[in-house]
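The primary structure of each chain is shown beneath.
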Amino acid sequence: MTFSTRYILAAIAALILALGATACGSDDDEGGGGGGGGGESAGGTLLESDPANAETTLTVGSKNFDEQFILGEIYAQALEAKGFKVDRKLNLGSEQIAYKALKAGQIDAYPEYTGTSLTSFFDVDIDDVPKDADEAYELAKEEYAKQDITALPRTQFENTYRIVTLKETQADLLKGAATVTEVAALPNADELSIAGFPECRQRTDCLLGLNNTYDWKPEFVADEGKYTPIEKDRADLGFVFSTDGELTSGEYPIVEDDKGLFPPYNISFGIRNDALEKIGPEGREAIEAVQKPLTEKVMQELNSRVSIDKEEPAAVAEAYLKQFGFVE
Amino acid sequence: MTFELIAQEDGFFRDRSGEGANCVRDEGFCPDWIADNYDRYVTPFFEHVYLTVTSVAIGFVIAFALALLAHRRQWMVGPVTGLTGTLYTIPSVAFFVLLQPITGLGYTTAIVALVCYTLLIIFRNVVTGLAAVPPDAKDAARGMGLTDRQMLWKVELPLALPEILAGLRIAATTTVGLAALAFLAGAGGLGEQLDRDPEFKSNVAVAGGLAVGLAAAIDLVILTVQRVATRWQRAAA
Amino acid sequence: MSVTIALLGPVGDALREFGDAIEFIFKARPSEGGGIQVGGLGEIWDFTRVHLLVSIVAMAVACAIAVPIGLYLGHRGRGEFLAITVSNVGRAVPALVLLFVFLAYVGNGPRVLTLVLVLLAIPPILTNTYVGVRQVSREIVDAAQGMGMTGAQVIRRVRLPLAMPTIFAGIRTSAVSVLATATIGTPVNVQTLGEPIFVPQQYGPSGVLGAALVIALITLAADAGIGMAQQAVTPKGIKLAEQGGSRRGRLALPTRRREASA
């Protein structure tokens, strides 16, 4: 039970705007489902509210970091623009908690990364995860289907790991090395330190992968911050994510994963089948439409607004939907 | 799978390159940002208040009832103190976690744990307060023909009030501190807001400041009541 | 009947989860992500070692700071306001807040964690030492001084032994809260027993519960241990006087007389 008045207000605002747009702009076709066709404002299809949807409530969840909050809000607001009622349970925690909640019915849907679902839920060994984004998605979709969950089509962006460092560190300590293989070959390779989330220790797509695939055993510094540890000199390198806003600044040179250690991590909105029936093709179309503009660059921008500019995810999601013409 | 790129990204990307010192981007203490964003602390703050007040209230009712029972049955004091003491000793992080298989995630788990922490302090203080009532006062009351129950409510409890309120004070301020960890049980509160961005000094300052402020405020309120009650005591004596 | 069966479901679930947790403590198994082994006595012992080390160092430093100051202030009768305020402020600041403040402004690592724990441990010890010394009755101190003892001797031979029970009560309170807070080591890159709780994606739900169980047991044991030490240092005279009064169990916490409740 979260009483987030701010979210509710934002949602009501979006809804009113969407209704207003419907009233003002388009045809005089009344009745019948909303569907597409309404005001082509700036290329994106405006989501029109269908009053019939008001009787359906969906609970959208998310995991507990910025990108997840933003995505959760985007999907939630998109459904609300279509007239559905949406309850939010963002900030659920780790993927295990989210998946449990999804299966148990505490939430109806949440956005999950293909790679994560395969390794964390479906017991696929990290080395067996398909490197191709589409293959990985199809495999995840199959597995989800066995649980009566539909994995909606994947986003084009993926949020995979990146290894970064500071400019000075790359010049001095790493002697200009630009790929992980080069770094691993340095004489002082094992004396370097790399920072990452605590759970990175166990992940073969994280620290363990460096050990196994690159035969590199750096010292590990567990830290919840991503760029802070290297900024504050607690570690030489850091595990970060490809959609991090900070990457746009150019301040953090990337050490390239030339051996392709990191598997695909595209987002797929996983929704239980009974909930999918409730929102019908309209709801489904809205979800699929609203995630189309999410390129890596756009996602980085959205993440920046939350992590660097310290804006609220709900507001950032709303701005995104407006920019790309889904709401007005 | 192909994607149509909706190419109206223009104007969407902000320029964040070397704009010089920007308080927020440097994660410092930024009064302007705080002024603009204080409303994101409102809900966590009220969640925190809710958790504290509810837990202390329930804890008080239970502990008070137990103490009244134990007042006439001295043998109870040991075991109840032992039990509540054991509950008190279990670290809050562990407690929030251990309850989850039973009560799941959410307010219930947090409140159960927080209630358990208040029991020892309140129980102990009520018992001690009642035990410290001077025998003369009780004799006088009996002499005046008061029944046991009347004596309890008209003489003993009023005299024990300062001690009871002192216990309430300790319980309340401790609960505010413990409620900061309630987010581990899925119950929100200021701790959750704090945990969202622990490196952003403004966030730490506001979330932390509100928690400490809340504790200080509750402490002050109960202290004032305590002083007033004591003064009234002395005046009436 | 159906109510019983309905209850059995969740109770059975809960029991199973606790069973898994206990198994986690004793047997290693693959982590949630499958990369490494987690659990088992070896790993639990590693966490426990760090947890205890940090806690004991913090307690030692806190006692070394708080006891002398409390003794001095209590003997001189000064600084009552200070002692009470320290106690109140100490109670009002949540441990989590303190830790994050230090993380944001100072840094991470075992030293920072220990520092935070020391700061948390000082208030109860300081206040209790002060109160314990203060409540040694005036007549006894006068008698001692009448016998020719110097100030330091009075402290050492009279005030300190009589104040021991109260001081130990404060140490006990501090120890419990230090052990509890040492759980929050993960944000500062220290792997204590709290690690499985803060990284459930690696240790799984059985790891989370298992760690919680171990923490609870250790804290209870420490509390009982210090309680026994408290009994041991209580001068016999006071023990006898106590027994004459109300009956309290051995593990019962001290009465108001012995513990600061400012």
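Residues numbered from 1 in each chain as written. Chains lettered and ligands numbered in written order. Predicted model: local features only at pLDDT ≥ 70, side-chain atom pairs only at ≥ 80, totals over all residues.

On to the overall build of chain A. Helix and strand counts for chain A come out as twelve helices and ten strands. Once local pairs closer than 6 in sequence are excluded, the contacts in chain A between residues at least 24 apart make up 77%. (Helix = DSSP H or I, 4+ residues; strand = E, 2+ residues; numbered from the N terminus. Contact = placed C-beta atoms within 7 Å.)

Next up on the list: the packing of helix α7 (residues 135-143) of chain B against helix α8 (residues 148-179) of chain B. Residue and element names in this part refer to chain B. For the pair α7 and α8, the least separation of the axes is 11 Å and the interaxial angle reads 160°. What the angle tells us is that α7 and α8 run roughly antiparallel. For the pair α7 and α8, the crossing hand works out as right-handed. Along its contact with α7, which presents Ala-137, Lys-138, Ala-141 and Arg-142, the element α8 presents Met-151, Val-155 and Leu-159. Across the contact of α7 with α8, the residue classes tally to five nonpolar, no polar and two charged. (Axes fitted to C-alpha atoms, helices over the stretch in contact; angles between N-to-C directions. Parallel < 35°, antiparallel > 145°, perpendicular 65-115°, else oblique. Left-handed = near helix turned anticlockwise from the far one by under 90°. Nonpolar A, V, L, I, M, F, W, Y, C, P; charged D, E, K, R; others polar.)

Contact residues are listed per partner, giving 16 residues for chain C and 18 residues for chain A. Taken together, the residues of the side of chain C that touches chain A sort by class into five nonpolar, nine polar and two charged.

In this complex, chain B contributes 39 residues to the contact, which on the side of chain C involves 42 residues. Looking at the side of chain B that touches chain C, its residues break down into 20 nonpolar, 14 polar and five charged.

Looking now at the environment of Gly270(A). Residue and element names in this part refer to chain A. With respect to the helices, strands and loops of the structure, Gly-270 is situated in strand β10 (residues 267-272). We classify Gly-270 as buried; it has 25 C-beta atoms within 10 Å. As a C-alpha pair, Gly-270 and Ala-145 span 125 residues in sequence and 9.9 Å in three-dimensional space. Setting aside chain neighbours within four positions, we find Gly-270 in contact with Leu-102, Ala-109, Tyr-110, Glu-112, Tyr-144, Ile-149 and Ala-151. (Buried ≥ 20, exposed ≤ 12 C-beta atoms within 10 Å, placed from the backbone.)

Moving on to the domain arrangement of chain A. Residue and element names in this part refer to chain A. Along its sequence, chain A is organised into domain 1 (5-158 + 264-323) and domain 2 (161-255). In this complex, domain 1 contributes 13 residues to the contact, which on the side of domain 2 involves nine residues. With seven residues, helix α11 (residues 296-307) is the single largest residue contributor to the side of domain 1 that touches domain 2. Considering only residue class, the side of domain 1 that touches domain 2 consists of four nonpolar, five polar and four charged. (Domains from an automatic or database assignment.)

So, on to helix α2 (residues 66-81) of chain A. Residue and element names in this part refer to chain A. Here α2 is 16 residues long and its end C-alpha atoms lie 22 Å apart, about the 22 Å a rise of 1.5 Å per residue gives. When you tally the buried positions in α2, you get 16 out of 16 residues, the bulk of the element. Downstream of α2 by one or two residues, Gly-83 has phi in the positive range, about 100°. (Expected span 1.5 Å × (residues − 1).)

Before going further, it helps to examine the pairing of strand β3 (residues 109-113) of chain A. All names here are of chain A. Of all five residues that make up β3, five are buried, and the element is covered over most of its length. Side chains of β3 alternate between two faces, with Ala-109, Pro-111 and Tyr-113 and Tyr-110 and Glu-112 buried alike. Strand direction decides the pairing type here: β3 and β10, joined by five bridges, are antiparallel. Looking across to β10, one finds that Tyr-113 is bridged to Ile-267. (Pairing = 2+ DSSP bridges.)

Another aspect to go through is unusual backbone geometry. A positive phi is found at Asp215(A), a non-glycine position, where the angle reads about 55°. Topologically, Asp215(A) is positioned in the loop between α8 (207-214) and β7 (219-222).

Another point: the sheet that holds β7(A). Pairing within the open sheet is mixed, and its five strands lie in the order β7-β6-β8-β5-β9 (chain A). Among the strands making up the open sheet, the edge pair consists of β7 and β9 (254-255) of chain A.

Turning our eyes to something else, we now look at the nonpolar core. Among the nonpolar cores identified, the biggest contains 133 residues, and Phe96(B) and Ala212(C) are the most heavily contacted of them. Tallying contributions element by element places helix α6 (residues 107-131) of chain B first for this core, with 15 residues. Sequence-distant contacts of Ala212(C), defined by excluding residues within four places in its chain, comprise Ala94(B), Val97(B), Leu98(B) and Ile197(C). Residues Ile70(A), Leu90(A), Ala98(A) and Val129(A) belong to the second largest nonpolar core, which totals 61 residues. (Core = buried A, V, L, I, M, F, W, Y, C linked by C-beta atoms within 7 Å.)

Before going further, it helps to spend a moment on the environment of Phe64(B). All names here are of chain B. Mapped onto the elements of the fold, Phe-64 is located in helix α2 (residues 42-72). For Phe-64, a count of 17 C-beta atoms within 10 Å gives the class partly exposed. Along the primary structure Phe-64 and Phe-123 are separated by 59 residues, whereas in three dimensions their C-alpha atoms are 6.2 Å apart. Residues within four places of Phe-64 in sequence aside, it is in contact with Ile-122 and Val-126.

Now for helix α10 (residues 273-290) of chain A. Residue and element names in this part refer to chain A. For α10, with 18 residues, the first-to-last C-alpha span of 20 Å runs short of the 26 Å given by 1.5 Å per residue. Roughly 100° is the biggest bend found in α10, and it falls at Gly-280, with proline Pro-281 one to four residues downstream. Among the residues making up α10, those that are buried are Ala-275, Leu-276, Ile-279, Glu-282, Gly-283, Ala-286, Ile-287 and Val-290. As for α10, its buried residues are in contact with β1 (57-61), α2, β3, β4 (149-151), β10 and α12 (313-323). (Bend = angle between axes of the 7 residues up to and from the residue.)

On average, chain A scores 84 in pLDDT, and the residues at 70 or more come to 87%. The low-confidence segment residues 13-42 of chain A, where pLDDT is below 50, has 43 contacts with residues more than four positions distant or belonging to other chains. (pLDDT = per-residue confidence, 0-100.)

Residues and elements named next belong to chain A. Burial along strand β2 (residues 85-89) is one-sided: the face carrying Val-86 and Arg-88 is buried and the face carrying Lys-85, Asp-87 and Lys-89 is not. The sheet contact formed by β1 and β2 spans five bridges and is parallel. Bridged to Gly-61 within β2 is Lys-89. What joins β1 to β2 is α2, and the crossover it makes is right-handed. (Right-handed = clockwise from strand over helix to strand, strands pointing away.)

Let us now look at the packing of α2(B) against α8(B). Residues and elements named next belong to chain B. Direction vectors running N to C along α2 and α8 enclose 140°, while the axes themselves pass 9 Å from each other. With respect to their mutual orientation, α2 and α8 come out oblique. Crossing of α2 over α8 shows right-handed handedness. Facing α2, whose interface residues are His-48, Leu-51, Thr-52, Ser-55, Val-56, Gly-59 and Phe-60, α8 presents Leu-168, Ala-171, Ala-172, Thr-175, Val-176 and Ala-179. Grouping the constituent residues of the contact of α2 with α8 by class yields eight nonpolar, five polar and no charged.

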